[in-house]
Each structure stands twice: as C-alpha cells, then as structure tokens.
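Here are the chains, one letter per residue:
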Amino acid sequence: MTDLLSTLLPPTDPAELPAVFEQAFNSGELSAVDRLFAPGAVFVTGPGKAVTEDARRAANAEFLALGVPISLTLRHTYVCEDIALLIGDFVIAGTAPDGTLVHQEGSATDVARRGPDGRWRYVIDNPSGTDRG
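Note that this is a predicted model, so its numbers are computed, not measured. (Residues numbered from 1 in each chain as written. Predicted model: local features only at pLDDT ≥ 70, side-chain atom pairs only at ≥ 80, totals over all residues. Heavy atoms only, no water.)

A. Structural detail: the sheet that holds strand β5 (residues 101-114). In space, the six strands of this open sheet follow the order β2-β1-β6-β5-β4-β3, with mixed pairing throughout. Where the open sheet ends on each side, the last strands, each with one partner, are β2 (49-52) and β3 (70-80). Geometrically, the sheet is characterised by an average inter-axis angle of 30 degrees between neighbouring strands, direction not taken into account. Bridge analysis of β5 against strand β6 (residues 120-125) gives four bridges, and the strand direction is antiparallel. Opposite R113, over in β6, you have R121 as the bridge partner. Packed onto the sheet, helix α2 (residues 17-27) meets β1 (37-46), β3, β4 (83-95), β5 and β6 and runs at close to 150 degrees relative to β3. (Pairing = 2+ DSSP bridges. Helix = DSSP H or I, 4+ residues; strand = E, 2+ residues; numbered from the N terminus. Axes fitted to C-alpha atoms, helices over the stretch in contact; angles between N-to-C directions. Contact = heavy atoms within 4.5 Å.)

Here is the structure:
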C-alpha cells in the first residue's frame, strides 16, 4: 500500500484533483484521502451543514466504510490565481461488504487552493452541490 499512497500526491493541475481523489477514495485508505485536503478544509455533509478537521475525517471515513468505489466526472474547472472551482458528478455504486446495495450520486461544487508547494488541495468539498436539502 505504501507505493500507492506515495503516488497519490495532490496534483499540480487543479483539473486532476477529482481523478486523484477517486483513486484515493477507491484505495480505501483514509490517509490517502485526507492528504488531498488543505489544513482547516471544510466538508459539506448536507445543505447548510459543514464539518472540518476530525469531523471532516470522520465524514470521509463513513463514505469509505461503505466499501464501494466512487466514480467522478469533472465537468468544469474555473481557476483564478491560486483558487479553483471544480464542478463535477459522482456516483458511489456497488455492493457493500455486508451485501447491501449502495447507490449515491450527485453533482459536486468544490473549491481547491494551490499551496506553497504548487499542489492543489480541497478547501471546500461540497458533494451535495446546489441541493436545496
């Protein structure tokens, strides 16, 4: 697993961040997912509900615990200096380890920031996009 984790660094192109996230998520390794978030990053767990730090890690761990892969399709990337808006679609679908069928999908609106190392990380991960709740 060490080889996989070392290749899943935050990308130097913001348009590649969703694909790297997909690989990290599908590895099942929370540490691989977590390294794609900037310190203090926000995860939107539902319209009007956001968590950060340990609660963000716990929310991501819940998705990983489904044991079902994610598929991400990036639709748009808008960049202004060191900030990027990423709009895309996701599907988490398959059979969980306990035999439960899982199907979640949506359109995400995410914000990424380029760090001093030139790599892009999520600062806002909003999988519910513009859902009204």
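B. Molecular detail of the confidence of the model for the protein chain. Mean pLDDT for the protein chain: 92, with 93% of residues reaching 70 or above. Per-residue pLDDT, averaged within each element of the protein chain, yields its smallest value for helix α1 (residues 2-7) (60) and its largest for β6 (98). (pLDDT = per-residue confidence, 0-100.)

C. Main features of empty space enclosed by the protein. Inspection of the entire model under this criterion finds one cavity of 30 Å³ or more. The volume enclosed by the largest cavity comes to roughly 240 Å³. If you trace the largest cavity, you find 21 residues lining it, with F21, I70, L72, D125 and P127 closest to the centre. Every element with two or more residues in the lining of the largest cavity is listed here: α2, α4 (53-65), β3, β4, β5 and β6. (1 Å grid on protein atoms, 1.4 Å probe; cavity = no way out; pocket = protein on both sides within 12 Å on 5 of 7 lines; lining within 4 Å. Points joined across faces, edges and corners; volume = space filled by probe spheres on them.)

D. Molecular detail of the packing of aromatic side chains. Taken as a whole and assessed by the stated rule, the structure comprises five aromatic pairs. Measuring from ring centre to ring centre gives 5.8 Å for F21 and Y122, while their planes differ by 90 degrees; the resulting arrangement is edge-to-face. Linking F21 in helix α2 with Y122 in strand β6, this pair joins segments that are 101 residues apart in sequence. With respect to burial, F21 and Y122 carry one shared label: buried. (Phe/Tyr/Trp six-rings, centres within 6.5 Å; stacked < 30°, edge-to-face > 60°. Buried < 20%, exposed > 50% of the residue type's maximum accessible area, 1.4 Å probe, protein only.)

E. Fine view of the layout of surface pockets. Empty space within the largest pocket amounts to approximately 240 Å³. Along its surface, the largest pocket is lined by 15 residues, and V44, T45, F63, Q104 and P127 are the ones closest to its centre. Where the lining of the largest pocket is concerned, the elements lending two or more residues are β1, α4 and β5. Classifying every residue of the lining of the largest pocket by side-chain character gives six nonpolar, six polar and three charged. (Nonpolar A, V, L, I, M, F, W, Y, C, P; charged D, E, K, R; others polar.)

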